[in-house]
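# Understanding the architecture of this molecule
Each chain, letter by letter, is given below.
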Amino acid sequence: MAGSGVPGGLNEGQMKLMQDLEVEVMADLFNRMTAVCHRKCVPTKYRDSELSKGESVCLDRCVAKYLDVHERIGQKLTNISQAEQEQMKSMMAAQQATP
Amino acid sequence: MCEDIGRYLRSIGAEATMISDIREAPGQHHYTSTDARVFESVYGLSLEKMDDVCKYMMLNPRRYRENIQVPTILTPPYIKTREEKMVQAFFESCPFKAGISGIAGFGLGGALGLFTSSVNPSITGAELKSQTAREVLVEMRTAMLQYAKNFGMIGLMFAGVECCIESYRAKDDLRNGTYAGAVTGGLIGLRAGVKAGLLGGAGFAVFSAAIEYYMRS
């Protein structure tokens, strides 16, 4: 599902706020992903400082799955919030209709 | 989605809470008009616009992404170039590893064949007195080639199978070598029948398990 285009009508401050938010979100995603995949894929017996082939394969798969899950849950959240927006609009319209 | 953004904002110290309690079950959020006004006054964006922006940032695959932000520690993060990654992938790939093991086995088998042919020659008896240097060298060459081919094949198969098993399991422990030894021994012994194949597989598996255990302890 393609997202909407560039949101129009945002001034400097709001754009900066959005960029800051996005940096925050991406950094958090990166940190969580590395923590989870490291815990799952790299056992704590350190015989060698290089990543072995099995561990590299495991990390590739872990990152792919994590990003896939992230994207799907994002879409689900979008759908839910869209439904709630519709509900809020109809409620506000009903409130204004009956003063 | 707005709730996630709200949680992030609150975690970095933003004061106003703009939505009702997050601990409510999903589907029970009721945004009143007061909530929406408070949100807009604090963040300067209506709820709808916030959702538009969130959608644009998270779900738009056509958006141009600059360099990925990676948290820095002491040194700046070194992200490998594409060529470096290709070279590294080639040197870690299964065919390359199997080939290198095959070549090493070939060399080792040649050395062993040379040694064996010198202490255990196949020319005996009456011909021993009249053998020429050329005959001795030819005999050494055939023995060397024979051993080299066998060892090379064993090395190639073992390393190839072990690499494939490790890629499939995505784990790094000594069972990879054991399974690879079982497969290699089975394939070699299969030339002499099924029973010999099973026995050879079991024996080779035990041998490679012992070697792996020794190398990992």
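Here the residue numbering is sequential within each chain, running from 1 through the sequence in written order. Chains carry letters and ligands carry numbers; both start at the beginning, A for chains and 1 for ligands, and go up in the order they are written. The model is predicted, so local features are restricted to residues of pLDDT at least 70 and side-chain atom pairs to those at 80 or more, both for listing and for counting; the totals for chains, interfaces and linings are taken over all residues. Side-chain numbers here rest on the full set of heavy atoms in the structure, without hydrogens or water.

The name given to chain A in an unreviewed UniProt entry is Mitochondrial import inner membrane translocase subunit, and the organism recorded there is Amphibalanus amphitrite. Note on chain A: under the UniProt heading Subcellular location (unreviewed entry), the record states "Mitochondrion inner membrane". UniProt positions are given in the numbering used here, feature names are shortened, and annotations may be inferred rather than shown by experiment. Word for word, the UniProt comment on chain A under Subunit (unreviewed entry) is "Heterohexamer."

Here we come to the packing of aromatic side chains. All names here are of chain B. Pairing of aromatic rings covers Phe, Tyr and the six-membered ring of Trp, with a centre-to-centre limit of 6.5 Å; geometry is then stacked below 30 degrees between planes, edge-to-face above 60, and tilted otherwise. In this structure the tally under the stated criterion is 5 aromatic pairs over all chains. With centroids separated by 5.0 Å and ring planes inclined at 50°, the aromatic side chains of F90 and F96 adopt a geometry described as tilted. Classification of residues uses two cut-offs on accessible area relative to the type maximum, computed with a 1.4 Å probe and protein chains only: under 20% is buried, over 50% is exposed, and between them is partly exposed. Note on F90: relative accessible area 48%, which makes it partly exposed. For F96, a relative accessible area of 25% corresponds to the partly exposed category. Each ring, one from F204 and one from F207, has its centre 6.0 Å from the other, and the planes form 70°; the classification is edge-to-face. Taken together, the residues span about one helical turn, with F204 and F207 both in helix 8 (residues 194-216) at a distance of 3 residues. Overall, the relative accessible area of 22% leaves F204 in the partly exposed class. Among the aromatic side chains, those forming a connected cluster through ring pairs are F90, F91 and F96. Each helix is a run of DSSP H or I of at least 4 residues and each strand a run of E of at least 2, with the numbering of both proceeding from the N terminus.

Residue and element names in this part refer to chain B. Orientation is described by lines fitted to C-alpha atoms, with helices fitted over the stretch in contact, and by angles between N-to-C directions that extend from 0 to 180 degrees. Interaxial distance between helix 6 (residues 133-169) and helix 7 (residues 175-189) falls to 8 Å at its minimum, and their mutual angle equals 135°. Relative to helix 7, the element helix 6 is oriented oblique. Crossing of helix 6 against helix 7: the hand is right-handed. Two secondary-structure elements touch here, helix 6 through I154, M157, F158, V161, E162, I165, E166 and R169 and helix 7 through R175, N176, G177, Y179, A180, G181, V183, T184, L187 and I188. Here roughly perpendicular refers to angles of 65 to 115 degrees, roughly parallel to angles under 35, roughly antiparallel to angles over 145, and oblique to all remaining angles. By convention, the crossing between two helices is left-handed when the near helix turns anticlockwise from the far helix through less than a right angle, and right-handed when the turn is clockwise. Contacts are assigned to residue pairs with any non-hydrogen atoms lying within 4.5 Å of each other.

So, about the side chain of N176(B). Within the secondary structure, N176(B) is located in helix 7. Excluding residues within four positions of it along the chain, N176(B) makes contact with E162(B), I165(B), E166(B), R169(B) and K171(B).

Buried Ala, Val, Leu, Ile, Met, Phe, Trp, Tyr and Cys residues that are joined via side-chain atoms within 4.5 Å together make up what is termed a nonpolar core. M18(A), L21(A), M88(A), A36(B), F39(B), Y43(B), L45(B), L47(B), M50(B), V53(B) and C54(B) together form the largest nonpolar core, which totals 11 residues. Broken down by secondary-structure element, the contributors of at least two residues to this core are helix 1 (12-41) of chain A together with helix 2 (33-43) and helix 3 (47-59) of chain B. Ranked by residue count, the leading element in this core is helix 3 of chain B, at 4 residues. Listed in part, the 8 residues of the second largest apolar core include V42(A), C58(A), C62(A) and A170(B).

Another point: the packing of helix 5 (residues 94-119) of chain B against helix 6 of chain B. Residue and element names in this part refer to chain B. For the pair helix 5 and helix 6, interaxial distance at closest approach is 6 Å and the crossing angle is 150°. The angle between helix 5 and helix 6 places the two elements in the roughly antiparallel class. Pair helix 5 / helix 6 crosses with right-handed handedness. Each residue gets one label: Ala, Val, Leu, Ile, Met, Phe, Trp, Tyr, Cys and Pro are nonpolar, Asp, Glu, Lys and Arg are charged, and the others, such as Gly, are polar. Partitioned by chemical class, the residues of the contact of helix 5 with helix 6 number 17 nonpolar, 14 polar and 3 charged.

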